[in-house]
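# Summary of the model geometry
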Amino acid sequence: MTTMIAGSPRKARRSRGARRTAVAWLFLAPFTLAFLLYTAIPTVAALGFSLTDLRGTDLRHPLAVDFIGLDNYLRLFRDESFLRDLLNTALFVAVGVPLTMGVGFTLALAVNSGIRRLRGVFRTVFFAPVVTNVVAVALIWQYAFNANGTVNEVLGAVGFAGPNWLDDPDLAMPVVILLGVWRNFGTAMVLFLAGLQAVPRDVYEAAAIDGAGRWRQLRHITLPLLLPTTLMVTVLLTVFYLQVFDEPYLLTDGGPLGSTESVALYTYHQFGSGEFGVSSAASFVTLVLVTLVSVVQFRLLRPRT
């Protein structure tokens, strides 16, 4: 009798635990299903495609393709166009990330301390490029940087003959990077602003009492305390620029002469030409690059205790 009484609570607890587990899985089911259908299964399939010679002509007989191992990856690193696009992507990261962070941080400082009135309006204005339709923006930039566009009209008004920006291999890349900076500085500003507002005011007051000026406060208080925010902004922007696609595609389609083609755009062009195996391999090269760079950034920028 005692055993039965003692066993009943255990069974009841197990039953409640089983019901809670079932309810939890029920709530997780929509996300799990969507993740499997739109992320996990396509990723595994793309990995399989990257190890075959699948082309657009093979779609009617997908099981007749040949397994070629790492040949697609070796082909990529023997392709001068792909190597050029790797350098282009590295340039996007090396120039775009510091510029975006610099503009975002400067505006965050201004909104946090320098701008007193209409602070909410300025935050909205600075963040607007992030949510603006990129296709409409690209059309405006194409017109502005045309040979007869707004930028050259302004240069002509002050006595300079403006070039044909988007048709010059040396000038097209700066214009594309500038568009990327314009689209993303709002994200950096909002994140830096949140980090600045989390710094206790009494720390600055104590530093001011000790004679620290604005520059010393920035160097010895603001920047060290913003290190977690800086890490997050750096990783987010680096991942964006490593996968940059919209800006070069909409402005120049990778031209002129491939000078603005990124790895993501190369992947798209390979897919469009029916080279599905090569396109899948290029996408996994991008994935490896993003992972490696993110790990290195976390190692270098993570806060030290």
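Residues numbered from 1 in each chain as written. Predicted model: local features only at pLDDT ≥ 70, side-chain atom pairs only at ≥ 80, totals over all residues. Heavy atoms only, no water.

### Some points on the pattern of salt bridges
Quick reminder of the rule: By convention in these notes, a salt bridge is any Lys or Arg side-chain nitrogen within 4 Å of a carboxyl oxygen on Asp or Glu. Numbered from the N terminus, helices here are DSSP runs of H or I no shorter than four residues, and strands are runs of E no shorter than two. Buried means the residue's accessible area, taken with a 1.4 Å probe over protein chains only, is under 20% of the maximum for its type, while exposed means over 50%, and partly exposed covers the values in between.
Under the definition given, this model contains six salt bridges. Measuring nitrogen to oxygen at the nearest pair gives 2.8 Å for the salt bridge that ties Arg84 to Glu261. Pair noted here: Arg84 is in helix H3 (residues 80-114) and Glu261 is in the loop between helix H11 (246-251) and helix H12 (263-272), with a separation of 177 residues, a long-range link. Taking the relative accessible area as the measure of exposure, Arg84 reaches 28% and is therefore partly exposed. When its relative accessible area of 9% is taken as the criterion, Glu261 is described as buried. The salt bridge involving Arg183 is made with Glu247; its shortest N-O contact spans 2.9 Å. Of this pair, Arg183 sits in helix H7 (residues 172-197) while Glu247 sits in helix H11; the two residues are 64 residues apart in sequence, bridging distant segments of the chain. The exposure classification of Arg183 matches that of Glu247, with both residues buried. One network of salt bridges, in which partners are shared, links Arg55, Arg75 and Glu275.

### Here's the deal with the packing of aromatic side chains
Note the following rule: Stacked, tilted and edge-to-face are the three classes applied to pairs of Phe, Tyr and Trp rings, where Trp contributes its six-membered ring and a pair requires centres within 6.5 Å; stacked means planes under 30 degrees apart, edge-to-face means over 60, and tilted covers the rest.
In this structure the tally under the stated criterion is twelve aromatic pairs. Seen from their ring centres, Trp141 and Trp182 are 6.4 Å apart, and the 55° between their planes marks the pair as tilted. With Trp141 in helix H5 (residues 134-144) and Trp182 in helix H7, the pair connects residues that are 41 residues apart, well separated along the chain. For Trp141, a relative accessible area of 13% translates into the label buried. What makes Trp182 partly exposed here is its relative accessible area of 29%.

Purely spatial values, then, with no claim about function.
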